[in-house]
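# Structural characterization, general
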Amino acid sequence: MADETKPSKQQSKRDFLYLTAAATGAIGAASLGWAFIDTLNPAADTLALSSTEVNLTPIEEGQAITVMWRGKPVFVRRRTAQEIEKAENVDMSLLRDPATDDTRTQEGHREWLIVVGICTHLGCVPLGQKPSEVRGDYDGWFCPCHGSHYDTSGRIRKGPAPKNLLVPEYTFVSDSLVRIG
Amino acid sequence: MANKNREPFDNPVIEWVDSRLPVFTLMNKEYGVFPTPRNFNYFWNFGALAMVFLVLMILTGVFLAMNYAANENLAFDSVERIMRDVNFGWLLRYMHMNGAHFFFAVVYIHIFRGMYYGSYKKPRELLWLLGILIFVLMMATAFMGYTLPWSQMSGWGATVITSLFSAVPFVGESLVQLLWGGFSVDNPTLNRFYALHYLFPFLIVGVVFLHVWALHVTGSNNPLGIEPKSSKDTLPFHPYYTMKDLFGVSVVLIIYSFFVFFAPNSLGHSDHYVPFNQLVTPPHIVPEWYFLMFYAILRAITFDFNIYITAGLIAMGAAIVPLYLNREKQLNFPPIIGIGVIGLVLFILGFISQEAGGKLIYMPFAEFKLMSAKLGGVLAMGGAIAAAALMPWLDWHPVRSARFRPLYRFFLIVFLIDCVILGIMGAKVAEQPWVIISQLATGYYFAFFFVIVPLLSRIERAKPLPTSIYEAVVKKAAVVLLVGVIAVSGMASSASAAEEAPEPPHQEWSFDGMFGTYDKASKQRGFQVYREVCAACHGLERISFRNLEDLGYSEAQVKAIAAEAMVEDGPNDEGDMFTRTGRASDHFPSPYANDQAARYANNGALPPDLSLIVKARHHGADYIHAILTGYEPAPAGFQLNPGMHYNKYFGGHQIGMPQPLMDGQVAYADGTKSSVEQMSHDVSTFLAWASEPHQDERKRMGLKVILFLCFMSVIMYKVKKKIWKDVEH
């Protein structure tokens, strides 16, 4: 019996050694691999540049401007009273992605609608910023790629897009200056 | 075809693939059961090691390329961004930079292994040639990679090496313009070098594939140099050599990690951290250590080939021709020696007639030049590699291993020493006695290949060979390995050339050594000195205000510091540039609008940007400290130019900057007494941090990595021992 147990004991010791060796190699390779993959994440300077300030003074009622934030267009629109009213009086059950206009604008600054100008369908920039451009069936924006219609609160109303236009984080530094990001 | 005698696999998925494309059969044949001589010593690890470094270089290179910009205006900055902002960017860059050194070191040992054990001999000639081709491709790749940071060393290294081609008769000038894509090393050069630097490694992979293929046709050589005769002489490659290689790899990775984490710039040059300036060449332009040997041969040819030198070379060439002819017959020495000596005398006469402006001796018609020194140097350098490629045909001695050829072994070891001497000479300033030493060493280099090796092929009597590998098993590689390592480190340490100013005295720094970290209080005080004194003239453009959090400031403090600075921004909606208060993400604004304005304001001297100054100067922080404390009254008789100041440690002792620090100039917030000594120490610490902000993190990670690799080496050694336990070797 003693002769039989001895080799099996050695066997298991060897197995343990091999497993340790394999595990060590795997841990080493995985740690190094993470360093490589992490280089692809946004770098420190990219992260630091994540806010931009917009001067609102030159924007007239009914006009809109596009500013660049994190490499994306942001639509800043000064809405008319009529447009605000339209946005506020919508039956929530008609919306694909229900959200009241109050949650998409800020108290005291209801005339300002600030949204990321990227269609939530496949990433095109919707039309409707310039007076010459089509604004779709709901007077907001119209995406030329696959025909999504957004309303005056930037909510999806018609077409393939699943979500409302994204509202970025922003704060009013003063009545005429807003910081996005 | 291979399908016919394929053994089926148990695993159905593997079997399914393998019956359609027998990759697993191939892998098993070439890396599993492949019969390998049982008597390899650790020298045979270096092929696998070279492969590991090739893969490491390609992987780090591809990821670095994703963050690099090949443009003259962006390249240097993008490299600095990799070092400072990209996650683990510093790690990848230091791995790549030091990986090149290790790749060459490993390959040099691999080549020497081949020469020592006669691995180039029949039937492995093509294997050897492919190896030389890999080496040449590596040199090209390394050279082009060296230009990419677009530093002073990059630009001027590229200028010197590409100018080698101007030595080509008739078309030289146009050839160089073709290489440059312009009239100097410029943006087009950088662009093409980047493209080629990305391409060449994959060519290397291709040739490595052929190299390994050729190896698997002939089988490996071994320390005894005799072919395995039976299965008793061989072992399957796996697990015996896979595990031995893994052990070797773990050990070398420990040394490599030491360099990457604790001395990442020790093999490089401080001018590599100064942006390329097409108007100023650095005073000492030295290639990387792995090129020094060839660089020394290039510079050894200081003489034009006049008729005497040419005739001498022809006579010496004629003298050795009989060595290669009628190999079965006895050599008739008197005419060979006679013609050889005549050739040598002619050569020396022709050589001396050019020394000291031709004043030593007068030789008639010596002014007839058949070839310029410049072309001669380039040909000698190319010839040095070509000679190595010819090795299989220069050495036809039937015995492979130097172990049984005492004479060959002696001359080969002298050759190794000769190469090291050449390497050391390559790093020296081109002055006597270094020039004559490199000329003699170059002479031995070529004599070894074209005279000694063929002569020994004819006359050397080898010691009796064992009849089979199994019979004689020894290993003594560690000694020779050590020689290699010492040689490499000897060359690396001699690569820094002498400077005329006295060496700055070494200071005690908080960040010295493997465990040293930046002293936080000193960094903050140093920042205060920078802000209140240096910032008036010196920029710090690679540092952002947000980086100051590293100094121990809170986010709010950083914002407050940033808000004190005025930053130019714009254009605004009216198209005008405007200034605004700084934000954390802004870089430190430069005190001057541009270099011209800076020069104009400072008597023509440009106050350098300080963000990289510690890395960009030899002796680093010690140098900065020495300059700040080195102001003295000029010694009697010293001619000081108007507007200049005397400084003991500045090259040439004349510095445009007046003594910047006076006792008590800064009121330290923490109450430390602000002596010149203290302020210099603090600001040097701060600037060391600015040059290398990730140093603390790097060292911490390095300790972990080295501990891990030590553990892994022990485990791999145990695995190897276990596997080899029943094998006599």
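Every value quoted in this text rests on a predicted model; they were computed, and no experiment measured them.

On to the sheet that holds strand E1 (residues 52–55) of chain A. Residue and element names in this part refer to chain A. Strands sit in the order E1-E9-E8 across an open sheet of three strands; the sheet is antiparallel. At either end of the open sheet lies a strand with only one pairing partner, and these are E1 and strand E8 (170–174). Strand-to-strand, the axes of this sheet are offset by a mean angle of 25 degrees, without reference to chain direction. By the bridge criterion, four bridges tie E1 to strand E9 (residues 177–180) in an arrangement that is antiparallel. Across the sheet, the residue bridging to Thr 52 is Ile 180, located in E9.

Interface size, as often reported, equals the accessible area lost upon joining of the parts. What the domain assignment reports for chain A is domain 1 (7–41) and domain 2 (47–180). Placing a centre on the C-alpha atoms of domain 1 of chain A and another on those of domain 2 of chain A gives a separation of 52 Å.

All right, on to the environment of B:Met657 then. All names here are of chain B. Relative to the helices and strands, Met 657 is located in the loop between strand E8 (654–655) and helix H24 (676–691). When its relative accessible area of 26% is taken as the criterion, Met 657 is described as partly exposed. Distance in space between the C-alpha atoms of Met 657 and His 645 is 6.9 Å, their sequence separation being twelve residues.

Our focus in this paragraph is the sheet that holds strand E6 (residues 148–151) of chain A. All names here are of chain A. Strand order in the open sheet made by the three strands is E5-E6-E7, with antiparallel pairing throughout. Edge strands, defined here as strands with exactly one partner in the open sheet, are strand E5 (139–143) and strand E7 (156–158). Pairs of neighbouring strands in the sheet enclose a mean axial angle of 35 degrees, with direction left out of account. Of the pairings in the sheet, the one linking E6 to E7 comprises two bridges and is antiparallel in character. Within E7, the residue paired with Tyr 150 across the bridge is Ile 156.

With that out of the way, let us pick up the interface of chain A and chain B. Taken together, the 27 residues of chain A in the interface contact 28 residues of chain B. Of the roughly 2,300 Å² buried at the junction of chain A and chain B (both faces included), carbon and sulfur atoms supply 70%. For the pair chain A and chain B, the number of links is two salt bridges. Taking the shortest distance from any N to any O, the salt bridge between B:Arg81 and A:Asp45 comes out at 2.6 Å. Our enumeration of links across chain A and chain B arrives at five residue pairs in polar contact (both at pLDDT 80 or more). Of all the secondary structure elements, the ones that give two or more residues to the side of chain A that touches chain B are helix H1 (2–38) and helix H2 (44–48) of chain A.

Reading the values: rules and limits
Residues numbered from 1 in each chain as written. Chains lettered and ligands numbered in written order. Predicted model: local features only at pLDDT ≥ 70, side-chain atom pairs only at ≥ 80, totals over all residues. Heavy atoms only, no water. Pairing = 2+ DSSP bridges. Helix = DSSP H or I, 4+ residues; strand = E, 2+ residues; numbered from the N terminus. Axes fitted to C-alpha atoms, helices over the stretch in contact; angles between N-to-C directions. Domains from an automatic or database assignment. Buried < 20%, exposed > 50% of the residue type's maximum accessible area, 1.4 Å probe, protein only. Contact = heavy atoms within 4.5 Å. Buried area = accessible area lost by both parts, 1.4 Å probe. Salt bridge = Lys/Arg side-chain N within 4 Å of Asp/Glu carboxyl O. Polar contact = N/O pair within 3.5 Å; in protein donor to acceptor, adjacent residues only side chain to side chain.

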